[in-house]
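These are the residues of each chain, in order.
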Amino acid sequence: MSPLKISWKSLCSKPLSSALNILLIAFGTGILTILLLASTQISEKLENNAKDIDLVVGAKGSPLQLILSSIYYIDFPTGNIPLKEAMELAHSPFVKKAVPLALGDNYNGVRIVGTDSNFVAVYKLEIAAGKFWQSDFETTIGANVAMAQHLKIGDSFYGAHGLTSASDVHKSHQYTVSGILKPQGNVTDNLILTNVASVWKMHEEPDDHEDAEHHDEAPKELTSLLIQYRSPMSVAMFPRMVNETTNMQAASPAQESTRLFSLIGVGVDTLQWFAVLIMLIAAISVFVNLYNSLKERSYDLAIMRTLGASRSKLFFIVITEGVLLTIAGTFIGIILGHLALQLIGSNQESSQARLTGMVLLSDELYLFAAGLAIGIFAAVIPAIQAYRSNISKILARN
């Protein structure tokens, strides 16, 4: 009989002990899998959504909040900025391209973003069906929006005031779907895009039969500007100019994203050490299990030796038991990690930062390698004892 079959039958003869060892290994591996998938996806989202944007200009407040609301669309804006001042900055010699954003409405939790053709250019958007918005209240929607909201070309819908609530619906105007974007792999997959005038008109509609002309005279505002620099000199000059000479603030997506990920990383590192500790406990448990099993089976192993089994075969039988336990636990842990993250992602409120367990990473191979190493490490001492066992003494005792 091969060492693999012998090891398998040995593990099956102690189901509770084997199951406990597998469970410990699976638990630690599952945590590491969740952390690996989540941190990789968050890092990619931070990079993909902000890679072509050098600066965000908005109302005074938290720079991180400004970045989260204008780049990732997962927070409330810090306020509005006057259109006139924003356009002055947009025409600065330091600026290559400025993208206006007008936020404030949603459709079933999906952000409605008022912007212009510069947004299309910055994010390199492509149409899958229909066309880009042209007239007021025409919209171009992201691929995920079309799928999740069951919208198609020509469909109409009402926007609601606020960024998540659907209670205050604007019944004065309907938005019409004029185009659907190709999947971009970034935040635009989950946005509804229209022109800035549509957002203004939606909120300028007079309430309680007020005079419409009074609303027309109100100064226009934007939520923020997305800036691309014209030259490297702009990096040093433009943010300081905005922060010191205007009532607006300039925030760097690169800096704020790094700061955000470093804050997240503190918690991730803690959980990683916790998972590693569980894996070490699992390794000790496997070692104790194999050591005790070796004592119980010393007579059986001695009989195998007298029947012609070599020392090397006994060594590999014990090593194989440890490897089987850890590989089984690692495989189950990885599957559970994927399922758990998929469950977490399906219950997330924000579609912009949604995580998924339906991806495979090459780094997961390291988890299998770690499981193999733990199995060998835990089994090597019992295996050496089996290799060195004195047949005559064992048989004499029995």
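The following refers to the structure shown. Because the structure is predicted, anything quoted here is derived from the model rather than measured. (Residues numbered from 1 in each chain as written. Predicted model: local features only at pLDDT ≥ 70, side-chain atom pairs only at ≥ 80, totals over all residues. Heavy atoms only, no water.)

Within the largest apolar cluster, 28 residues are counted, with the highest numbers of intra-cluster contacts made by Ile-71, Tyr-73, Phe-119, Tyr-123, Leu-193 and Leu-226. Breaking this core down by element, the ones donating at least two residues are α2 (15-50), α3 (63-72), β3 (95-107), α5 (117-123) and β10 (191-195). No other element matches the six residues that α3 contributes to this core. In contact with Leu-193, not counting residues within four places along its chain, are Val-113, Phe-119, Leu-125, Trp-133, Glu-138, Thr-139, Thr-140 and Leu-181. Core analysis: the second largest hydrophobic core is formed by 21 residues, Val-57, Ala-86, Ala-90 and Val-95 among them. (Core = buried A, V, L, I, M, F, W, Y, C linked by side-chain atoms within 4.5 Å. Buried < 20%, exposed > 50% of the residue type's maximum accessible area, 1.4 Å probe, protein only. Helix = DSSP H or I, 4+ residues; strand = E, 2+ residues; numbered from the N terminus. Contact = heavy atoms within 4.5 Å.)

Let us look at the packing of aromatic side chains. Aromatic ring pairs are reported here in terms of the distance separating the ring centres and the angle at which the planes meet. Evaluated as defined, the whole model comprises nine aromatic pairs. Each ring, one from Phe-94 and one from Phe-238, has its centre 6.4 Å from the other, and the planes form 55°; the classification is tilted. Of the two residues, Phe-94 is situated in the loop between α4 (83-90) and β3 and Phe-238 in helix α9 (residues 233-245); the sequence distance between them amounts to 144 residues. Residue classification places Phe-238 among the buried positions, given a relative accessible area of 0%. Relative to Trp-133, the ring of Phe-132 lies with its centre 6.2 Å away and its plane at 85°, an arrangement referred to as edge-to-face. You can call Phe-132 partly exposed: its relative accessible area is 25%. Members of the aromatic cluster, each reached through a chain of ring pairs, are Tyr-107, Phe-137, Phe-157 and Tyr-175. Over the ring of Tyr-158 we find Lys-171, and its NZ or CZ is 4.6 Å from the ring centre. (Phe/Tyr/Trp six-rings, centres within 6.5 Å; stacked < 30°, edge-to-face > 60°. Lys NZ or Arg CZ within 6 Å of the ring centre and 35° of its normal.)

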